[in-house]
Amino acid sequence: MRTKMTFWLVAAATTAALAVGTGYGAAAPPPDRPASAQDERAYVYRVHDGAHAADSRLAGFDLIEDRDGDDLFVLGDAGTAKDLKAAGLEATVEQRLSPAPWGPPKRSGQAPRLTAKVAEETYYGGYRTVNAQYAHLDQVASDHSGLATVFDVGDSWRKATGRPNGYDLKAICITKKQSGDCQLNPDSSKPRLLVQAQVHARELSTGEMAYRWIDYLTDGYGTDPTATEILDNREIWVVPIGNPDGVDMVQQGFTGGPSQQQWHRKNSNHTHSSGCSEGSYGGEGIDLNRNNGSHWGGAGTSSNPCSKVYKGPSADSETETRALQALYRDLFPDTRPAGDNAAADPDTQGMFVSMHSYSNMVLFPWGFNSSIDAGNDAALRTMAKDMANLAGGWQYGQPGEILYNASGTHDDWAYDDLGVPSFTWEVGPSGGSCGGFHPSYSCQDTFWNQVKPMLVYAAEHAENPYGGGTTPPPSECSATNGTNVAIPDNGSAVTSGIEISGCTGNASDASTVEVHVEHTWRGDLTVDLIAPDGTVYPLKSASGGDSADDIHETYTVDLSGEARNGTWSLRVQDTARYDTGTLDTWTLSL
């Protein structure tokens, strides 16, 4: 397996720590372990072959949005090593990180007046505080009154419960306003794109991407043709801070507040977690991206209140969760019947993007179980591929295909309840000087150049994301077949077809065949592409020693001797006994 160093920046001068080859092998973390007075550093652990570990073994750990082959990564403290070993997981220290530097404390709680001065409030080298983000929304609405409207869509937990230092939850609607625009009503005359950021408080880059998206559209209207076209024909809604109490805690952690709060992920509801030590290992609060009622309490969650992925006492228990769900329902009509395999109406409009960090990934439902396809899987997968390509070659897939399963997430809920196509973007690389939750602010220019074209794509495709009854129109003579085909054990070959029409000339010498197969021993499988004229192009041979699960592979094939139009087939055969699987989906790009 290739070796990868995961870099996490908690200060501009942070240096890469040594990877230590100790054999650790994790149960749910104890709820009251105090932070070590001698070692306040955060640790990154590599969990070897973690992708194949049972969900119950991983439950409760702070799995980082990163994966290297079959290895997963866990954020914790020095004591996490013992917990990993107790769960029977083999782990080694990937990196030790220094505490954040001290800085002057920032205001806690919503400012009474969101002035221009407040809008300049930053921390950790340039990241905007919650108050700065909110003052920016007000400034944009004032400077561009014909384009922007700010909405108070709910309260943070602190404010909702009458505690000090709470916040509103705010959204902004941006469009070239006409009568009836920017109403909290799902019957909109314009297709809508909703972008949501910083639900996980420590994921600093996502709030910055939301900030820049707002400015690109409003400052560019009338001069930038793309921004102008978007606002003439779409409503763009942005929630720049989905977890303001949590972000408040993070910014305090960077500026002289309680030690280790810069790693805070959850909201501030401590009524179920009072006494949990705050730090890289865990802390108080509830993970809002595990609290949603869609398959709540499943994989990737914990019942331990101190865990970073604590799901909460019940589904939809948190005031922030309910406020965001109410906004989704106000913006998007319900077009999808019940059932995990049910498809939304093909004429569904709208798009929802929840930005997280990191690892340069585009994820889509279902997140709770990658062995189950959403009813609109083919269209979701096609759009995810397009977005990933626009970003410069990000990974894409269901979370469990390329990362790990996660239940109770916002994108699963929005698709489950309403049918709107929903995506999670993991912004930022998994390695290098710009990796991690806390990259230097100077990295944001690079991230914006990747995220901007994806946002434009999402806005453009909000009108007809599911293709009006078909898979989205072929792009560059590309098409997908998402119909599952069972692969018999040591049996006859099975095939799945794709019809290409309306294309001219021959295929490319660098055509691609993207294949997704769920199988418990992929070495048993042979995979071939069959051209319309019957020519067979072998893609994968059987290999008895390859005992890994599944095929998630893109094969490059010289098809320049083949005309594009016609029926192409993918042929898969299981050549040995004892293991079975399913051809999940495949995409041909000619």
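How each quantity is defined
- Residues numbered from 1 in each chain as written.
- Predicted model: local features only at pLDDT ≥ 70, side-chain atom pairs only at ≥ 80, totals over all residues.
- Heavy atoms only, no water.
- Disulfide = S-S within 2.5 Å.
- Helix = DSSP H or I, 4+ residues; strand = E, 2+ residues; numbered from the N terminus.
- Buried < 20%, exposed > 50% of the residue type's maximum accessible area, 1.4 Å probe, protein only.
- Salt bridge = Lys/Arg side-chain N within 4 Å of Asp/Glu carboxyl O.

*Asks:* Break down the state of the cysteines for me, citing the residues and quoting the values.
*Replies:* Inspection of every chain in the model, using the stated rule, returns four disulfides. Each sulfur in the disulfide pair cysteine 276 and cysteine 306 lies 1.9 Å from the other. Negative torsions about the S-S bond denote left-handed disulfides, and the value of about -80° found for cysteine 276 with cysteine 306 makes this one left-handed. Of the two residues, cysteine 276 sits in the loop between helix H7 (244–254) and helix H8 (319–331) while cysteine 306 sits in the loop between H7 and H8, which places them 30 residues apart along the sequence. Two residues, cysteine 477 and cysteine 503, share a disulfide whose sulfurs are 2.0 Å apart. In this structure, the disulfide formed by cysteine 477 and cysteine 503 twists by about -130° around the S-S bond and is classed as left-handed. Remark: cysteine 503 occurs in the loop between strand E18 (494–500) and strand E19 (511–519) and cysteine 477 occurs in the loop between helix H12 (444–461) and strand E16 (478–481); sequence separation between them is 26 residues. Here the two residues cysteine 477 and cysteine 503 agree in accessibility, since each one is buried.

*Asks:* Tell me about the pattern of salt bridges, residues and numbers included.
*Replies:* Under the definition given, this model contains 21 salt bridges. A salt bridge links arginine 336 to aspartate 416; its shortest N-O distance comes to 3.2 Å. In this pair, arginine 336 is assigned in the loop between H8 and strand E12 (351–356) and aspartate 416 in helix H11 (residues 410–418), connecting sequence segments 80 residues apart. Since its relative accessible area comes to 5%, arginine 336 is described here as buried. Arginine 522 is paired through a salt bridge with aspartate 546; the nearest N and O atoms lie 3.0 Å apart. Note that arginine 522 is positioned in the loop between E19 and strand E20 (525–530) and aspartate 546 in the loop between strand E21 (536–540) and strand E22 (551–557), a separation of 24 residues in sequence. On the basis of relative accessibility, which here comes to 22%, the residue aspartate 546 falls in the partly exposed class. If you follow the salt bridges from partner to partner, you end up with Arg46, Asp68, Asp71 and Glu94 in one network.

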